[in-house]
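Per-entry structural report
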Amino acid sequence: MPRFFLHIDDGTQRIEDEEGSDLPDLAAAREEALGAARQLWAAAILAGQDIAACRFVITNGDGNVMDTVDMDEALPEKLARRLRL
């Protein structure tokens, strides 16, 4: 099973995922990133923080970027539409 790393990037710095996760494929890594983004949004809202500029950078075991997941992708569509106004 491949290992994926879900790093958090805010445009100025990156928080490295040192351990990674063994996941069946890239689609599963995206779902993992979306779930983690939802948890981060919940904590950020409670703390009064805005994490909209952050994103997950998904890399493989060789460090190659496989995909990115913007934090707003984790929001419910109706809320995301309202925020874009």
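Structural notes, computed from the coordinates. In this text the structure is predicted, and so the values were computed from the model without any measurement.

So, about the overall build of the protein chain. When its secondary structure is counted, the protein chain shows two helices and five strands. For the protein chain, the α and β elements follow one another from N to C terminus as β-β-β-α-β-β-α. Expected size for 85 residues packed as a compact globule is a radius of gyration near 12 Å; at 13 Å, the protein chain falls within 12% of this value. Dimensions along the principal axes, computed over C-alpha positions, put the protein chain at roughly 40 × 25 × 20 Å. Here the protein chain, with 85 residues, has 32% of them falling under the buried criterion. If you take every contact in the protein chain between residues at least 6 apart in sequence, the share linking residues at least 24 apart comes to 45%. Of the roughly 5,600 Å² that the protein chain leaves accessible, carbon and sulfur atoms contribute 50%. Where the 9 positive side-chain charges of the protein chain centre and where its 17 negative ones centre are 11 Å apart.

Here we come to helix 1 (residues 26-47). Between the first and last C-alpha of helix 1 there are 31 Å, a value that for 22 residues agrees with the 32 Å anticipated at 1.5 Å per step. Along helix 1, the residues that are buried comprise Ala29, Ala33, Leu34, Ala37, Trp41 and Ala44. Buried residues of helix 1, viewed axially, fall in a sector of 135°; they line one side. Turned more than 90 degrees from where helix 1 packs its buried face, Glu31, Gln39 and Leu46 sit exposed. Those residues of helix 1 that are buried are in contact with strand 1 (3-9), strand 4 (55-60) and strand 5 (65-70). Between a side-chain oxygen at the N-terminus of helix 1 and the backbone nitrogen of alanine 27 the separation is 3.3 Å; the capping residue is aspartate 25. Where helix 1 ends, the next residue or the one after it, glycine 48, has phi of about 70°, a positive value.

Mapped onto the elements, threonine 59 comes out in strand 4. When its relative accessible area of 4% is taken as the criterion, threonine 59 is described as buried. There is a polar contact of 3.1 Å between the side chain of threonine 59 and the side chain of histidine 7. Apart from the residues lying within four places of it in its own chain, the contact partners of threonine 59 are Arg3, Phe4, Phe5, His7, Asn64, Val65 and Met66.

A word on the pairing of strand 1. With six of its seven residues buried, strand 1 lies for the most part within the structure. Here strand 1 pairs with strand 3 (residues 21-22) via two bridges, running antiparallel. Bridge pairing in strand 3 links arginine 3 to aspartate 22. Direction of pairing for strand 1 relative to strand 4: antiparallel, over a ladder of six bridges. Within the sheet, the bridge partner assigned to isoleucine 8 lies in strand 4 and is phenylalanine 56. Two strands pair when backbone bridges link them, and strand 1 and strand 2 (residues 14-15) are joined in this way by two bridges, in the antiparallel orientation. Across the sheet, residue isoleucine 8 finds its bridge partner in strand 2, namely isoleucine 15. Between the antiparallel neighbours strand 1 and strand 2 lie four residues, among them glycine 11 with a positive phi of about 95°.

Parameters at a glance
- Residues numbered from 1 in each chain as written.
- Predicted model: local features only at pLDDT ≥ 70, side-chain atom pairs only at ≥ 80, totals over all residues.
- Heavy atoms only, no water.
- Helix = DSSP H or I, 4+ residues; strand = E, 2+ residues; numbered from the N terminus.
- Rg over C-alpha atoms; globule rule 2.2 N^0.38 Å.
- Buried < 20%, exposed > 50% of the residue type's maximum accessible area, 1.4 Å probe, protein only.
- Contact = heavy atoms within 4.5 Å.
- Areas by Shrake-Rupley, 256 points an atom, 1.4 Å probe, with all protein chains shown as cover.
- Lys, Arg positive; Asp, Glu negative; His and termini not counted.
- Charge placed at Lys NZ, Arg CZ, Asp CG, Glu CD.
- Expected span 1.5 Å × (residues − 1).
- Arc of directions from axis to C-beta.
- Polar contact = N/O pair within 3.5 Å; in protein donor to acceptor, adjacent residues only side chain to side chain.
- Pairing = 2+ DSSP bridges.

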